[in-house]
Amino acid sequence: MAYSAKVVEHYENPRNVGSFDKGDETVGTGMVGAPACGDVMKLQIKVNPETGLIEDAKFKTYGCGSAIASSSLVTEWVKGKSLDEALTIRNTHIAQELALPPVKIHCSILAEDAIKAAVSDYKAKNAVERARQPAPVTH
Amino acid sequence: MDMTPHFPIYMDYGATTPVDQRVVDAMIPWLREHFGNPASRSHAWGWEAEAAVEKAREQVAALIGADPREIIWTSGATESDNLALKGAAQFYKSKGKHLVTVKTEHKAVLDTMRELERQGFEVTYLDVEEDGLLDFDKLKAALRPDTILVSVMYVNNEIGVIQDIAAIGALCREKGIIFHVDAAQATGKVQIDLATLPVDLMSLASHKTYGPKGIGALYVRRKPRVRLEAQMHGGGHERGMRSGTLPTHQIVGMGEAFRIAKEEMGTESERIRMLHKKLVDGLSGIEQTFLNGHPDQRVPHNVNMSFNFVEGESLIMGVKGIAVSSGSACTSASLEPSYVLRALGRSDELAHSSLRMTIGRFTTEEEIDYVILTLKDRVARLRELSPLWDMFKEGIDISSIQWAAH
């Protein structure tokens, strides 16, 4: 299979490889995929509690070149975004940017899922904080 | 578009081999001035073409210890498998409708068996052991009074293991069951002597043994005689078993390729055995690396390895100067892990992490050295990227985790 130049570039020079401390309050971790399917992505975001912006991101991926490139790309894209902005990143954007062939679309879907998982992990961790604020009235 | 790699190291001889220069030279005259139809009986163009075809038939027969009259030309091993299985099943169906094969066979056998199931036959697909070999007792237990045919490949295309064809053949002979062997990956690699080997039908390919693509043969035993129902009807060529004008140049090429294989197999195998050892020893130095298939009961041409926690496709992408494959070339377009490795009981993730390297006539020691170095480097780099490798290093059992399948 021929890979696009952008996929090859990310594969050869992956951005933001590594891990943050999972226990850190300001870190959200998303691990998606399954070894049996041939892809596992771990995406971590580090959020500035003052501004609510994602100030750093790291990834590790087991998978094909397109999976590595998709996760490398989203670490660049989420940086500087708020959590809500990060959640607007769609797999179609990733697939388009990397010119993924149809058989590799699932890699971009996985990368989108990884963002969602990391954001919801961060939110879950910090739910305690929010709980201190007055709870909304429920019916 | 230029698809040729820039520093090509060809390590995919199991997919196809380059055509030996001597074979090309032998073929050319039959494309130029000697263009006759071997079936033309009324002039010299036909006579010389027929003589060339018959000489090639002798050369092919000689490599496998057969009588030239037992060789039927086909377009390749896939067609040979189709003709053997459908032809024998349909001819002998009044005797029974049960067929037996193995889960690790080539798709040319498995898909043909599926078609025979649609035609009303019943097929048993036998499991193999962890080393890729068939358990003789399990085969014995699978045979029934209505079993008419058993099909077992000689050398597995993905993992290179050699099945015990002599023992299986003896059992089939004793029970009066037709025995078909797909030997596409065996010719020129293992000694085959059909004068003593109890095999009834054997599929042969040219392009895995340094001959051209588009030509193959089916061995059909004369004593005891095996009958087939033709699948290709027409001018009654090949004693009615396979009609169609014979491609003289292709046939001459296969003949010459098999002549060379017979002559050079001894020295070539020694050299390849040495290269195999070097490659396996070199790669075994990498942590969490496993050789797939029996370590000794195999052809040295094949090295199929799993590099745990590294995904195979990404590894292939990283060694782009080297032509290798993950799984068989026929199924590499799919995302499914190799069904052959699955049949060995390898986990899905180990199957996803496998690479097939096949070495051959033109592989050099320097190439093997380069491949070892490159793979070591790439595996290390990809493990740096792998969350599974981290978990392994932290002592977390990956199989204990509840993964969300997608």
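Relevant structure appears above.
A quick note: this is a predicted structure, and the numbers were derived from the prediction, not measured.

Looking at helix 3 (residues 77–91) of chain B
- Spanning 15 residues, helix 3 of chain B covers 20 Å between terminal C-alpha atoms, matching the ideal 21 Å at 1.5 Å per step.
- With 13 of 15 residues buried, helix 3 of chain B is to be regarded as a mostly interior element.

Here we look at the pairing of strand 1 (residues 27–34) of chain A
All names here are of chain A.
- Within strand 1, seven of the eight residues are buried, leaving the element largely enclosed by the surrounding structure.
- As judged from the eight bridges shared by strand 1 and strand 2 (residues 39–47), these two strands associate in the antiparallel manner. Bridged to Gly-30 within strand 2 is Leu-43.
- Taking the residues that link successive antiparallel strands as the turn, the strand 1-strand 2 hairpin has four residues, and the phi of Gly-38 there is positive, at about 90 degrees.

Describing the sheet that holds strand 2 of chain A
Residues and elements named next belong to chain A.
- Pairing is antiparallel across the open sheet formed by three strands, whose spatial order is 1-2-3. Here the strands that pair on one side only, and so sit at the sheet edges, are strand 1 and strand 3 (54–62). Averaged over neighbouring strand pairs, the angle between their axes works out to 10 degrees when direction is ignored.
- Helix 2 (residues 65–78) contacts strand 2 and strand 3 of the sheet and is inclined by roughly 175 degrees relative to strand 3.
- Sheet strands touched by helix 5 (residues 105–125): strand 1 and strand 2. Its angle to strand 1, the strand with the most contacts, is close to 145 degrees.

Considerations on the interface of chain A and chain B
- At the junction of the two partners, chain A supplies 24 residues and chain B supplies 21 residues.
- Listing elements by their share of the side of chain A that touches chain B, those giving two or more residues are strand 1, strand 2, strand 3, helix 2 and helix 5 of chain A.
- In terms of residue class, the side of chain A that touches chain B is built from 16 nonpolar, six polar and two charged.

Remarks on the pairing of strand 3 (residues 98–102) of chain B
Residue and element names in this part refer to chain B.
- Across the five residues of strand 3, five count as buried, placing the element largely inside the fold.
- Of the two faces of strand 3, the one holding His-98, Val-100 and Val-102 and the one holding Leu-99 and Thr-101 are both buried throughout.
- For strand 3 and strand 5 (residues 147–151), the ladder comprises three bridges, and the chain directions are parallel. Residue pairing for strand 5: His-98 is matched across the bridge by Thr-147.
- With five bridges connecting them, strand 3 and strand 4 (residues 122–126) associate as parallel partners. Note that in strand 4 the partner of His-98 across the bridge is Glu-122.
- The parallel pair strand 3 and strand 4, bridged by helix 4 (residues 107–118), forms a crossover whose chirality is right-handed.

Calculation notes
- Residues numbered from 1 in each chain as written.
- Chains lettered and ligands numbered in written order.
- Predicted model: local features only at pLDDT ≥ 70, side-chain atom pairs only at ≥ 80, totals over all residues.
- Helix = DSSP H or I, 4+ residues; strand = E, 2+ residues; numbered from the N terminus.
- Expected span 1.5 Å × (residues − 1).
- Buried ≥ 20, exposed ≤ 12 C-beta atoms within 10 Å, placed from the backbone.
- Pairing = 2+ DSSP bridges.
- Axes fitted to C-alpha atoms, helices over the stretch in contact; angles between N-to-C directions.
- Contact = placed C-beta atoms within 7 Å.
- Nonpolar A, V, L, I, M, F, W, Y, C, P; charged D, E, K, R; others polar.
- Right-handed = clockwise from strand over helix to strand, strands pointing away.

Any link to function would need more than the numbers given here.
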